[in-house]
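In case you want the letters, here they are:
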Amino acid sequence: MTKKICTWFDANQVGAIRFEHNTVWACCYRSIPLISNIMDFSKISVSEIIQKRNELYEGINNQTRHECDGCQNLCMKNEAEINLNKINSLILLPFTTCNLRCKYCYLSKEQLGSKMQVHKVLPIIENLKKQNFVTDNFELCLGGGEPLLLDDLPETAQYMQKNFVNPTFKIMSNFTISSKVNELINTLKDLKGICRKTYTSIDCGTPESYKKIRGSNLFYTLIDNLYNAASSGAFDIIELKYLLLEDGSNLSDEDIFGFLDIVKFISKNSKATIWVTIDADYGENRIDADENKKDSLTNKPISDEMLNAAAKIYYVVTNYLNATIWWSGGRITDATVQGKKDINRIISAGNEYINKPKTNSETFYLSRYCNVTQQNQPAAKNVNKLFSIVNEERHKVITILGLKIKFRRQG
Ligand SMILES: C[S@@+](CC[C@H](N)C(=O)[O-])C[C@H]1O[C@@H](n2cnc3c(N)ncnc32)[C@H](O)[C@@H]1O
Ligand code: SF4
């Protein structure tokens, strides 16, 4: 018999769960608590989680529960192939404390400044493993607050490497606490048979913007820490994120191309796979950390200014950098209808970007990647719609009336 199931509940599909703010949540998209007021995640009963998941699953199917109505993650599946008893992935955000005060952060100043209630995460993982809740190739995705404030990150990665088969250790961090970054690098660089991922929001391209947006002078510290992480071989995947801000404060060419320079620098100095994530802030939907997880995070399309900035990132990353665009954001995501539309808008604007007239600053910054010969002359801007020549690294691209012809460059 086929049943309606969320891909998040089913270990034969995504099979993930979120522990955040003293609560076990059904998923990452909506605020559906399974168990609340948890004093200690390391003592949690797996049979209770499974029971609560089953109640929601049955409720979805007999239509007595409506929290998941309309969600993109629901699908129909043969009942015999559904596994609610395990997880492949744990999103673990066990506290809200942070060393930074980013102006866009959905956490409140009180949450960011709160006293840390949890200092170790290894007991949480050990407890789930002991109760046989995690699959062999389990992924831990650690955030916060700032997870580098934890005391046992190296031990947790070592435990996972010893006790699972090809697990993944992922840290979502602001990467500014150098001593903790170095401690983690020293452990991770020698761990084999474990996928090591890091994910960090950069969101600007100059120290001045970093100070305004992230509230600190740690721009070059962040780059230095990322460089150390990249060059040491401690990570298999490095994900660099740009959160486009609704107030327009990080959409200038200095910021966009400054960020692209960082991506270039990190990818040149690393054997890791580099992912670039373009996302947008929740803006006025930033009510509180739990509310804004609803899949209606924002039904508002990103503005034309945000689209324009995203198109430049997409264009340069796709054509000139040793990196891949990765749509793993919270708002620009293929998990929501509006998110999917925005992804398509960015891809098509990114592909069209080279044919658009350029400002002087775009011409200047783009010259690091390609030679936009026609476009810095004001008179040529209109002509460019009909005709342009672009010297790429290996090709010369001539566009005539929208038709692109690529020639291999000599030498
Ligand atoms: C809350 S932070 C916690 C982990 C870590 N401190 C960090 O900054 O990566 C996790 C992610 O949330 C994102 N974030 C914070 N506030 C946001 C907002 N208002 N809209 C969209 N994403 C937001 C950040 O970009 C960051 O990547
Ligand atoms: S570093 Fe992360 S948790 Fe801290 S204030 Fe910034 S976005 Fe929020």
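Residues numbered from 1 in each chain as written. Chains lettered and ligands numbered in written order. Predicted model: local features only at pLDDT ≥ 70, side-chain atom pairs only at ≥ 80, totals over all residues. Heavy atoms only, no water.

Under the defined criterion, the tally for this structure stands at 17 salt bridges. Residues Asp247 and Lys103 are paired through a salt bridge, measuring 2.7 Å at the closest nitrogen-oxygen approach. Of the two residues, Asp247 is situated in the loop between β10 (237-244) and α8 (253-268) and Lys103 in the loop between β6 (87-93) and α2 (109-113); the sequence distance between them amounts to 144 residues. With a relative accessible area of 35%, Lys103 lands in the partly exposed category. For Lys197, the salt bridge goes to Glu139, with nearest N and O atoms at 3.4 Å. With Lys197 in strand β9 (residues 195-201) and Glu139 in strand β7 (residues 134-142), this pair connects stretches of sequence that are 58 residues apart. For Lys197, a relative accessible area of 14% corresponds to the buried category. Via salt bridges that share partners, Glu246, Lys300 and Arg331 belong to a single interconnected network. (Salt bridge = Lys/Arg side-chain N within 4 Å of Asp/Glu carboxyl O. Helix = DSSP H or I, 4+ residues; strand = E, 2+ residues; numbered from the N terminus. Buried < 20%, exposed > 50% of the residue type's maximum accessible area, 1.4 Å probe, protein only.)

A word on the packing of helix α9 (residues 304-320) against helix α10 (residues 337-352). One way to put it is that α9 packs onto α10 with a least axis distance of 8 Å and a crossing angle of 60 degrees. In terms of orientation, α9 lies oblique with respect to α10. In terms of crossing hand, the pair formed by α9 and α10 is right-handed. In this structure, α9 uses Asp304, Leu307, Ala310, Ala311, Tyr314 and Tyr315 to contact α10, whose residues at the interface are Arg345, Ile346, Ile347, Ala349, Gly350 and Asn351. Along the lines of polarity and charge, the residues of the contact of α9 with α10 split into 8 nonpolar, 2 polar and 2 charged. (Axes fitted to C-alpha atoms, helices over the stretch in contact; angles between N-to-C directions. Parallel < 35°, antiparallel > 145°, perpendicular 65-115°, else oblique. Left-handed = near helix turned anticlockwise from the far one by under 90°. Contact = heavy atoms within 4.5 Å. Nonpolar A, V, L, I, M, F, W, Y, C, P; charged D, E, K, R; others polar.)

Another aspect to go through is the site of ligand 2. Lining the immediate environment of ligand 2, one finds Cys98, Leu100, Cys102, Tyr104, Cys105, Leu112, Asn174 and Arg214. Tallied by class, residues from the shell around ligand 2 come to 6 nonpolar, 1 polar and 1 charged. (Near = heavy atom within 4 Å.)

Okay, the side chain of Ser270 next. Relative to the assigned elements, Ser270 resides in the loop between α8 and β11 (273-280). A distance of 3.2 Å separates the side chain of Ser270 from the backbone oxygen of Ala230, its partner in a polar contact. In this structure, Ser270 is in contact with Ala230 and Ile238, ignoring residues within four places of it in sequence. (Polar contact = N/O pair within 3.5 Å; in protein donor to acceptor, adjacent residues only side chain to side chain.)

Time to look at the nonpolar core. Nonpolar side chains in soluble globular proteins tend to be buried together. In this structure, Phe19, Leu90, Phe169, Leu260 and Ile313 are the most contacted members of the largest nonpolar core, which totals 123 residues. Broken down by element, the residue count for this core peaks at 10 residues, all from α9. When sequence neighbours within four positions are dropped, the list of residues in contact with Phe19 reads Val24, Phe41, Ile44, Ile49, Leu90, Ile91, Leu92, Leu93, Pro94, Ile124 and Leu128. (Core = buried A, V, L, I, M, F, W, Y, C linked by side-chain atoms within 4.5 Å.)

Take the site of ligand 1 next. Taken together, 18 residues are adjacent to ligand 1, and Tyr104, Gly145, Ser201, Lys241 and Tyr282 come closest. Within the backbone of Tyr282, one N or O atom sits 3.1 Å away from a nitrogen atom of ligand 1. With the chains in place, 93% of the 550 Å² that ligand 1 exposes on its own is no longer accessible. Of all the secondary structure elements, the ones that give two or more residues to the shell around ligand 1 are β9 and β10. In the shell around ligand 1, the residues fall into 8 nonpolar, 5 polar and 5 charged. (Areas by Shrake-Rupley, 256 points an atom, 1.4 Å probe, with all protein chains shown as cover.)

This next bit is on the sheet that holds strand β3 (residues 23-25). Spatially, β4-β3-β2-β6-β7-β8-β9-β10-β11-β12 is the arrangement adopted by the 10 strands of the open sheet, whose pairing is mixed. If you trace the sheet from one side to the other, it starts and ends with β4 (33-35) and β12 (324-325), each paired once. For β11 and β12, the ladder comprises 2 bridges, and the chain directions are parallel. Its bridge partner lying in β12, Val276 is registered against Ile325. (Pairing = 2+ DSSP bridges.)

A word on helix α5 (residues 178-188). Note that an α-helix has 3.6 residues per turn; residues three or four places apart therefore point the same way. Within the sequence span of α5, burial applies to Lys180, Val181, Leu184, Ile185, Thr187 and Leu188. Burial along α5 is one-sided: seen end-on, the buried residues are contained in an arc of 165 degrees. The inward-facing, buried residues of α5 contact α4 (153-163), β8 (168-172), β9 and α7 (219-232). (Arc of directions from axis to C-beta.)

A word on the side chain of Ser267. Its place among the elements puts Ser267 in helix α8. For Ser267, a relative accessible area of 7% translates into the label buried. What Ser267 contacts, discounting residues up to four positions off in sequence, is Ile274 and Asn322.

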